[in-house]
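The chain contents come next:
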Amino acid sequence: MDTYKILLSESEMPQEWYNIIPDLPRPLPPYLHPATGEPVGPQDLAPIFPMELILQEVSQERWIPIPDEVLRIYQLWRPSPLHRARRLEAALKTPARIYYKNEAVSPAGSHKPNTAVAQAYYNKAAGIKRLATETGAGQWGCALALACNFFGLECTVYMVKVSYYQKPYRRSLMHIWGADVYPSPTDRTAAGRKILAQTPDTSGSLGMAISEAVEDAATHPDTNYALGSVLNHVMLHQTIVGLETKKQLDLAGEQPDVLIGCVGGGSNFAGFCFPFVPEKLKGRDLRIIAVEPTACPTLTRGAYAYDFGDTVGLTPMIMMHTLGHSFVPPGIHAGGLRYHGDAPLLCLLVHEGVIEARAYPQNPVFDAARLFAQTEGIVPAPETAHAIKAAVDEAARCKETGEAKVIVLNFSGHGHFDLAAYDAYLEKKLEDYEFPEELLKKALEDLPQIPKK
Ligand SMILES: *Cc1c(COP(=O)(O)O)cnc(C)c1O
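Residues numbered from 1 in each chain as written. Predicted model: local features only at pLDDT ≥ 70, side-chain atom pairs only at ≥ 80, totals over all residues. Heavy atoms only, no water.

Chemist: Whenever I open this one, the site of the ligand confuses me. Can you help?
Modeler: As a matter of local geometry, the ligand sits amid 18 residues, with Lys-112, Ser-229, Gly-264, Ser-267 and Asn-268 nearest to it. For the ligand, an oxygen atom lies 2.6 Å from a polar atom in the backbone of Gly-264. In the model, an oxygen atom of the ligand is placed 2.7 Å from a nitrogen or oxygen of the Ser-267 side chain. Judged by its atoms lying within 2 Å of the grid points, the ligand is housed in the largest cavity. (Near = heavy atom within 4 Å. Polar contact = N/O pair within 3.5 Å; in protein donor to acceptor, adjacent residues only side chain to side chain. 1 Å grid on protein atoms, 1.4 Å probe; cavity = no way out; pocket = protein on both sides within 12 Å on 5 of 7 lines; lining within 4 Å. Sits in = over half its atoms within 2 Å of the grid points.)

Chemist: Can you help me understand the sheet that holds strand 5 (residues 97–102) in this one?
Modeler: Hydrogen bonding along the main chain pairs the strands of a sheet, whether they run parallel or antiparallel. Taking strand neighbours across the sheet as the criterion, the 7 strands line up as 1-4-5-15-10-11-14 in an open arrangement whose pairing is mixed. Of all strands in the sheet, those with a lone pairing partner are strand 1 (5–6) and strand 14 (356–360), marking the two edges. Summarising the sheet, strand 4 (residues 82–84) and strand 5 pair through 3 bridges and their orientation is antiparallel. Bridge assignment links His-83 to a residue of strand 5, and that residue is Tyr-100. (Pairing = 2+ DSSP bridges. Helix = DSSP H or I, 4+ residues; strand = E, 2+ residues; numbered from the N terminus.)

Chemist: Quick question: what am I supposed to make of the packing of aromatic side chains here?
Modeler: By convention here, two paired aromatic rings are described through the distance between centres and the angle between planes. All told, the structure shown has 13 aromatic pairs when counted by the stated rule. Centroid distance Tyr-158 to Tyr-182: 6.2 Å. Interplanar angle 35°. Geometry classified as tilted. One end of the pair, Tyr-158, is in strand 7 (residues 154–160); the other, Tyr-182, is in strand 8 (residues 180–184), with 24 residues separating them in the sequence. Residue classification places Tyr-158 among the buried positions, given a relative accessible area of 1%. With a relative accessible area of 25%, Tyr-182 lands in the partly exposed category. Cation over ring: Arg-86 sits above Tyr-4, and NZ or CZ is 5.7 Å from the ring centre. For Arg-188, the ring lying beneath its charged end belongs to Tyr-182, and the centroid distance is 4.0 Å. (Phe/Tyr/Trp six-rings, centres within 6.5 Å; stacked < 30°, edge-to-face > 60°. Buried < 20%, exposed > 50% of the residue type's maximum accessible area, 1.4 Å probe, protein only. Lys NZ or Arg CZ within 6 Å of the ring centre and 35° of its normal.)

Chemist: Please explain empty space enclosed by the protein as it appears in this structure.
Modeler: A probe matching the size of a water molecule, rolled over the atoms, marks out where space remains unfilled. Under the criterion given, the structure shown has 3 cavities of 30 Å³ or more. Estimates place the volume of the largest cavity at around 620 Å³. Forming the walls of the largest cavity are 44 residues, and the residues nearest its centre are Lys-112, Gly-136, Leu-206, Leu-337 and Arg-338. Where the lining of the largest cavity is concerned, the elements lending two or more residues are strand 6 (130–135), helix 6 (139–151), helix 7 (161–166), helix 10 (206–218), helix 12 (267–273) and helix 17 (382–401). Residue composition of the lining of the largest cavity, by class: 15 nonpolar, 24 polar and 5 charged. (Points joined across faces, edges and corners; volume = space filled by probe spheres on them. Nonpolar A, V, L, I, M, F, W, Y, C, P; charged D, E, K, R; others polar.)

Chemist: Would you take a moment to explain the state of the cysteines for this structure?
Modeler: Cysteine pairs can be covalently joined through their sulfur atoms, and such a bond is termed a disulfide. As enumerated under the stated definition, the model contains 0 disulfides in all. Here Cys-142 is not cross-linked by a disulfide; its sulfur's nearest cysteine counterpart is in Cys-155, at 9.8 Å. Using a relative accessible area of 0% as the deciding quantity, one classes Cys-142 as buried. Between Cys-262, a free cysteine, and Cys-273, which holds the nearest cysteine sulfur, the sulfur-to-sulfur gap is 12 Å. (Disulfide = S-S within 2.5 Å.)

Chemist: Explain the layout of surface pockets here, please?
Modeler: Put simply, the largest pocket is a space of about 450 Å³. Leu-45, Ile-48, Leu-314, Thr-315 and Pro-316 are, among the 28 residues lining the largest pocket, the residues nearest its centre. When contributions to the lining of the largest pocket are tallied by element, the ones reaching two or more residues are helix 1 (42–45), helix 2 (51–58) and helix 10. With 4 residues, the single largest contributor to the lining of the largest pocket is helix 10. Taken as a whole, the second largest pocket holds about 300 Å³ of empty space. Taken together, 17 residues form the lining of the second largest pocket, with Leu-28, Pro-30, Glu-57, Val-58 and Asn-232 sitting closest to its centre.

Chemist: Honestly, the environment of Ala-118 in this entry has me stumped. Any pointers?
Modeler: Assignment of secondary structure puts Ala-118 in helix 5 (residues 113–125). Residues Ala-118 and His-237, 119 residues apart in the sequence, show an inter-C-alpha distance of 7.2 Å. If we skip the residues at most four places from it in the chain, Ala-118 touches Trp-17, Val-70 and His-237. (Contact = heavy atoms within 4.5 Å.)

Chemist: What am I meant to see in the nonpolar core here?
Modeler: As a rule of thumb, nonpolar side chains are buried together in soluble globular proteins. Counting residues in hydrophobic clusters, the biggest one holds 104 residues, and the most contacted among them are Trp-17, Tyr-74, Tyr-225, Phe-274 and Ile-355. With 9 residues, helix 6 is the largest single contributor of residues to this core. Counting 35 residues, the second-largest nonpolar core is a separate cluster that includes Leu-88, Ile-260, Ala-368 and Ala-385. (Core = buried A, V, L, I, M, F, W, Y, C linked by side-chain atoms within 4.5 Å.)

Chemist: Which parts of the structure should I look at to understand the packing of helix 9 (residues 190–198) against helix 10?
Modeler: Two measures define how a pair of helices packs: the angle their axes make with one another and the distance between the axes. It is the contact of helix 9 with helix 10, at a shortest axis distance of 7 Å, that shows an interaxial angle of 150°. With respect to their mutual orientation, helix 9 and helix 10 come out roughly antiparallel. From helix 9, Ala-190, Ala-191, Gly-192 and Ile-195 reach across to helix 10, where they touch Met-208, Ser-211, Glu-212 and Glu-215. For the contact of helix 9 with helix 10, the per-class residue count stands at 4 nonpolar, 2 polar and 2 charged. (Axes fitted to C-alpha atoms, helices over the stretch in contact; angles between N-to-C directions. Parallel < 35°, antiparallel > 145°, perpendicular 65-115°, else oblique.)

Chemist: I'm lost on the side chain of Thr-156 in this one. Help?
Modeler: Along the chain, the position of Thr-156 falls in strand 7. At a separation of 2.7 Å, a polar atom in the side chain of Thr-156 contacts the side chain of Arg-130.

Chemist: What is the right way to look at the sheet that holds strand 8 in this model?
Modeler: In space, the 4 strands of this open sheet follow the order 8-7-6-9, with parallel pairing throughout. Edge positions in the open sheet fall to strand 8 and strand 9 (223–225), since each of these has one partner strand only. The mean inter-strand angle of the sheet, taken between neighbouring strand axes irrespective of direction, is 25°. As paired strands, strand 7 and strand 8 are joined by 5 bridges and run parallel to one another. Bridged to Thr-156 within strand 8 is Asp-180.

Structure representation (structure tokens):
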């Protein structure tokens, strides 16, 4: 009998996260203080993060135990299945074997609860009462609302204004799990009021919503901030995805030739592929491909430079690929993956040539999503569809060369709340958009000056 799903039992779930920091080909440049340009220390981050997460951010330990309370919640949906995409392979008439790791089975429908649960746990343990965060398309807000609900924490979500109105059902989910949700920029914070005074009609951006959530946390002692991507501790928590995938590929008797994931801030991609990076650094022939939209081409066209994590410049400066912190994604772009920067760990590995990056416009991405839905059945999130598009292209290349490569992609989430984007696609209303060179140049002129010592 052909196998379609490779399943692990609950007792086979990994009990430790993998920290890539000690295995990097060169050290990660430190975060710099936004005002002084000095490396940020633990005490600088203490007003908005619990100490356990700050220590994980800079830890040199390769393996970090997952707390029991976190494992018990992971068990609600983990281990997640690894599927063999036999029907997609048949439709493509490819000799390649395509696998996908299905993170859509979490209650929030994406990989994001893997870190949300861990972050809520450490904040609760530190005596925090409320978490503040931003959300773009709403998946992160949903994941954190879910996690706060499990640990009895209050949750305040600043949701990018355009998504707040375009994706009302994600808002409903957050409300069911007990979160308060506001369209950002709001008049609840100084950062929001400043942005509204300058650009009253703005549709919002992740950078703006981060400014608001960070300010909320920094000005309330019982409140901390939670970030759904980009930071090292977020990548760490997501490695449960890649660690499970490794075990499942071993069970299937397979070695991956190509690993593929989509990148917004980098967390699902990093969590999926980082556990495989040490083998690649030791010389194993493995391609690792990060996929992003041409509308927000951070890895493929951004500068590798220090920039702020937010619009207003409240966060530390991070060495990363960036489109400039003033970047506002075009409103016509239907998918997520809209952040101006990316995870510094991922950027370092792209800069070092360990990981490849590529970008696709949205119509070919939705073509691949529809093919996937019609063959494998699951409707992918538009973000996930970027990874599917790359896998389809790699499988087509195998058809030309006759190579039976093993292609594994991370299926980061389902698209059940993104049906408006699918409608726009089916009605041929999606524009293929390349971020214009002049706008990119202009945004990069605003990169912060690092004070000279
Ligand atoms: C949030 C999200 C992404 C992008 O975020 P990363 O941090 O890059 O993983 C991708 N896919 C889905 C389904 C998401 O919810």
